[in-house]
Each structure stands twice: as structure tokens, then as C-alpha cells.
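Each chain, written out:
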Amino acid sequence: MKNIVVRNTIQTPIYQQIYDQISSQIMNGDLEADQMLPSIRTAAKELRVSVITIKKTWELLEEQGLIYTVQGKGSYVRGYTKDDLDELKLEKIKDSLKAVIESLKSYNVSKEKMIEIISSIYDAL
Amino acid sequence: MNSIEIKNLTKRYKTFTLDNINLSIPKGYIMGFIGENGAGKTTTIKTMLNITKRDAGQVSIFGQDIDKDEISIKSKIGYVSGNMFYPKKTLKEVTKYYKSFYDEWDEGLYLDYLNKFNLDSSKRIDELSKGMQLKYLITLALSHHAELLILDEPTSGLDPVARDNLLELFQTIIENEETTIFFSTHITSDLEKCADYVTFIKDGRIIESCSKDDLIDKYRLVNGTEKELLEVKERLIAFKTNSFGFNGLIKTIDLKETDSFKVGQPSLDDIMIYNTLHKGGIL
């Protein structure tokens, strides 16, 4: 497992930070199907977070169908077809947009204005 | 299984009472024990280990009653207090004395750890740095296959690098799922890095004892304007005011959907500091 960064200075809970990074690595194909994840305790030690936090992360990954666990052996990345991954990515995009739209709604921004903002930011990137 | 289970532990002194302490630690995890100086951390540890006699309550360790199986329990505990015994003796001499108490002593394992920690057994205890002294004490505990390490303020007096090393060592020790670690500290950042469970003691009473993640979820840090303070004052555990407004701590369940002030995740420090103040008090 590579390139996981945990920050104590941001508001996102640590288990969520780790989940987000591993799930995007699975979706991007950086972690391959049937690749074994480190044990919960080893991951905790290496990321310097508590065992309970990693347990929660692994449970969430399993719940979301991203990994599977073989009793007494360990957890592995689930294999995906391209369609599965596209669907998962779409779900993820929807989730993050939902949060943005909700916060814009609280500023009373209209739907047309929202689309305009998104389009102008997109063009600027 | 719980490695430690304490029920209604009470110890009365003339000026201080350890009041009805309940806590338990599941096997294979790290619990940090936090509280101000004088809150009762050392008294709790000494009383639960029968080093000082308790007035009431039950203590069971590894599922055994401490009154019935004290010797068998203690042969599986490594206890590290702040005091170094025999500072003028060499490690070799102290080890010789120490191992005579333990049937389970594993000389091979002991030599492995000495090597791993770069401990020179011909040196005198007082020639070692504080961090190396701790590693030596932990070596002794691990060499008699202690299943429970109890450390009283192990990180105090250590520089940040040595402290970080020690916390990493704790996580390495529990990697095998067999060993449990209970350590007291007043430095909450020690716990942010490695503790699974946190127990917070204040004035001889347990304020919180749960997993660290749950503890942090239970509280929210709030800040807002003076006007907003009036709305929320009664619900705050404590707050401080400044020229911009106020900062305070609230229980997550006491938040209302209509609250307009900013809400954020607290650190363990925030939880300890605000809980130490009286309700509604001002710093």
C-alpha cells in the first residue's frame, strides 16, 4: 500500500481520509485485483493511527464491495470489470457533487447559476 | 476478552478520593490514561495492582481475580513506573536480579531485544538516556512474556523523537494481538498517534472511557459571535471569550439543527482542557 497520507489538521475523520485514498486507488487500478492489503495492525502501525480506525476503514471498504476478506488470511482487493468501475466512479462523483450542491443551496444559488459556476471553473482549469 | 476489568474501585485518602472507578481494556489494544497531574492516574494504577490497598471494588486481570491469583497475574505483567531502580548498577546486574523473579524468562528473546534496541548490558543504568532506560525496562517486561504492559507516564521527560519512537514501539508490540498496553500520560498528543482507547480521569473520577474515535465524535468545538454565545451558553461544557467572539466545547448530542455558529472536530487536548473547566466557566 503506497501513497496514503493522513492529516490530523483537517476536519475529515481519519478513517474517511484513508478510505477515500484506498478506494480511489482501487478505482484507478493502482491497486490491482486480488492484491493483498496489509493486516489491520500493520497498517495501523505504519500509518500511525489506531487499530480501531483501520478496522473501521477496512469494514467500510468491504461494505462498499471494494475488498473481500478471507478468514484467517487477510483482505484482498476485489476484481472489477470496466463497467463496475465506471459505475463506482459515477457514484463517487455524484457523492462529491451532492455535497457541493447542498452547500450552494444554503447560499440560495439557483440551479442555472450553479451550472454556470461549474462550467466557468471547468473552463478555467 | 478483557485484559483488565475494574469495577467500582475506590481508594480514600484524607485529601483525595479515587471514586468508583470502572474501566476495561480488551486484549491486544492500547489504552491511554489521561488527566491532569494529581487527577488520580498513579493512584488508580497502584490500587488496581494491589501496590496500595483498595477500600472497595473488584479488579480482574486476564479474567482472574487479583486477590486470588496475584502472583500468577503479576508474572504476566510488565509494570514500568517513572522511577529507575538501581541507577548505579549495570544492566547485566539488574537483569540478573530481575529475571530471578520470573519462571517464564526467555534469555534468547532478551538478547534479541538488547541487540535490537542497541542496549549495551555492560553500561550502568544512569549512563543511559531516558529513552534508552525505557527501552531497557520494556525489554525486561517483554523477556518474561508479559501479556500486559502498564506504564506510568512513560513519555514524560522524553524529547519528541524519543517519544515518537516509543509510541511506534507500542504499536509494534501489539501487532501480535497478544499484548495489551495501558499507559498514563498528561500529553494528549501521545494518544492521537497510537491509542485505541482513552480513559480520562478528573479529580479521582472517570469522565470518559471509550475508543478514541468515539470520544472525539462525542464532542464538537464551536466558535461564533458574542450574540451566538447567548444562544448556546447553557449547552456548552465550557467556553473562552476573546475580542472576536467565543470558542467552546459542546457534546455532539446537544447541537441543534438551527445552530448557526461554526462547528469543528476537537482534539483530545480541547476535550481535556474544556472538561477541566467548570460548566459555563470562563478562562
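In this text, all values refer to a predicted model and were calculated from it rather than measured experimentally. (Residues numbered from 1 in each chain as written. Chains lettered and ligands numbered in written order. Predicted model: local features only at pLDDT ≥ 70, side-chain atom pairs only at ≥ 80, totals over all residues. Heavy atoms only, no water.)

In this section: unusual backbone geometry. Residues and elements named next belong to chain B. Despite not being glycine, Asn8 shows a phi value in the positive range, around 50°. Looking at where Asn8 falls in the secondary structure, it is placed in strand S1 (residues 2–12). Overall, Asn8 belongs to the partly exposed group, its relative accessible area being 37%. (Helix = DSSP H or I, 4+ residues; strand = E, 2+ residues; numbered from the N terminus. Buried < 20%, exposed > 50% of the residue type's maximum accessible area, 1.4 Å probe, protein only.)

This part covers a nonpolar patch on the surface. A surface patch of nonpolar side chains, amounting to about 330 Å² of accessible area, comprises Ile93, Leu97, Ile101 and Ile118 of chain A. With respect to the helices and strands, the residue Ile118 of chain A is situated in helix H5 (residues 111–124). (Patch = residues over 30% accessible without salt bridge, like charges linked within 9 Å, V, L, I, M, F, W, Y side chains within 5 Å. Areas by Shrake-Rupley, 256 points an atom, 1.4 Å probe, with all protein chains shown as cover. Salt bridge = Lys/Arg side-chain N within 4 Å of Asp/Glu carboxyl O.)

With that out of the way, let us pick up the domain arrangement of chain A. All names here are of chain A. Parsing chain A into structural domains produces domain 1 (14–77) and domain 2 (82–124). Summarising the inter-unit geometry, the C-alpha centres of domain 1 and domain 2 are found 27 Å apart. In this assembly, 7 residues from domain 1 lie in contact with 4 residues from domain 2. A combined buried area of about 440 Å² lies between domain 1 and domain 2, and 71% of that area is made up of carbon and sulfur atoms. Linking domain 1 with domain 2 are 0 residue pairs in polar contact (both at pLDDT 80 or more), by the criterion used here. Considering only residue class, the side of domain 1 that touches domain 2 consists of 3 nonpolar, 3 polar and 1 charged. (Domains from an automatic or database assignment. Contact = heavy atoms within 4.5 Å. Buried area = accessible area lost by both parts, 1.4 Å probe. Polar contact = N/O pair within 3.5 Å; in protein donor to acceptor, adjacent residues only side chain to side chain. Nonpolar A, V, L, I, M, F, W, Y, C, P; charged D, E, K, R; others polar.)

Once that is clear, we can look at the sheet that holds strand S9 (residues 197–202) of chain B. Residue and element names in this part refer to chain B. Read from one edge to the other, the open sheet built from 6 strands follows the order S6-S7-S8-S3-S9-S10, with strand pairing classed as mixed. Every interior strand has two partners, whereas the edge strands, strand S6 (77–80) and strand S10 (205–211), have only one. Recorded for the sheet is a direction-independent mean angle of 10° between the axes of neighbouring strands. The pairing of S6 with strand S7 (residues 148–152) spans 4 bridges and is classified as parallel. Note on S7: the bridge partner recorded for Tyr79 is Ile150. Contacting strand S3 (30–34), S9 and S10, helix H10 (residues 268–276) runs over the sheet at an angle of about 20° to S9. (Pairing = 2+ DSSP bridges. Axes fitted to C-alpha atoms, helices over the stretch in contact; angles between N-to-C directions.)

Once that is clear, we can look at the interface of chain B and chain A. Facing 21 residues of chain B, the contacting portion of chain A comprises 14 residues. With both chains or domains summed, chain B and chain A bury close to 1,600 Å², and 40% of this area falls on carbon and sulfur atoms. Taken as a group, Gln171, Glu175 and Gln265 of chain B account for 34% of the area that chain B buries against chain A, more than any other trio of residues on that side. On the surface where chain B and chain A come into contact, there are 3 salt bridges. The partner of Glu175 of chain B in a salt bridge is Lys45 of chain A, and the shortest N-O contact between them spans 3.2 Å. At the surface where chain B touches chain A, the tally comes to 12 residue pairs in polar contact (both at pLDDT 80 or more). Those elements that provide at least two residues to the side of chain B that touches chain A are helix H6 (160–173), helix H7 (189–194) and helix H8 (212–218) of chain B.

The next thing to look at is helix H4 (residues 82–106) of chain A. For H4 of chain A, with 25 residues, the first-to-last C-alpha span of 36 Å sits near the 36 Å given by 1.5 Å per residue. Two residues or fewer after H4 of chain A comes Asn108 of chain A, characterised by a positive phi angle close to 60°. (Expected span 1.5 Å × (residues − 1).)

Residue and element names in this part refer to chain A. As a packed pair, helix H1 (residues 14–27) and helix H3 (residues 51–63) sit with axes 9 Å apart at the nearest point and diverge in direction by 45°. The orientation of H1 relative to H3 falls into the category oblique. Between H1 and H3 lies a crossing of right-handed hand. Touching Ile14, Tyr15, Ile18, Tyr19, Ile22 and Ser23 of H1 are Thr53, Ile54, Lys56, Thr57, Trp58, Leu60 and Leu61, all from H3. Here the contact of H1 with H3 is composed, by residue class, of 9 nonpolar, 3 polar and 1 charged. (Parallel < 35°, antiparallel > 145°, perpendicular 65-115°, else oblique. Left-handed = near helix turned anticlockwise from the far one by under 90°.)

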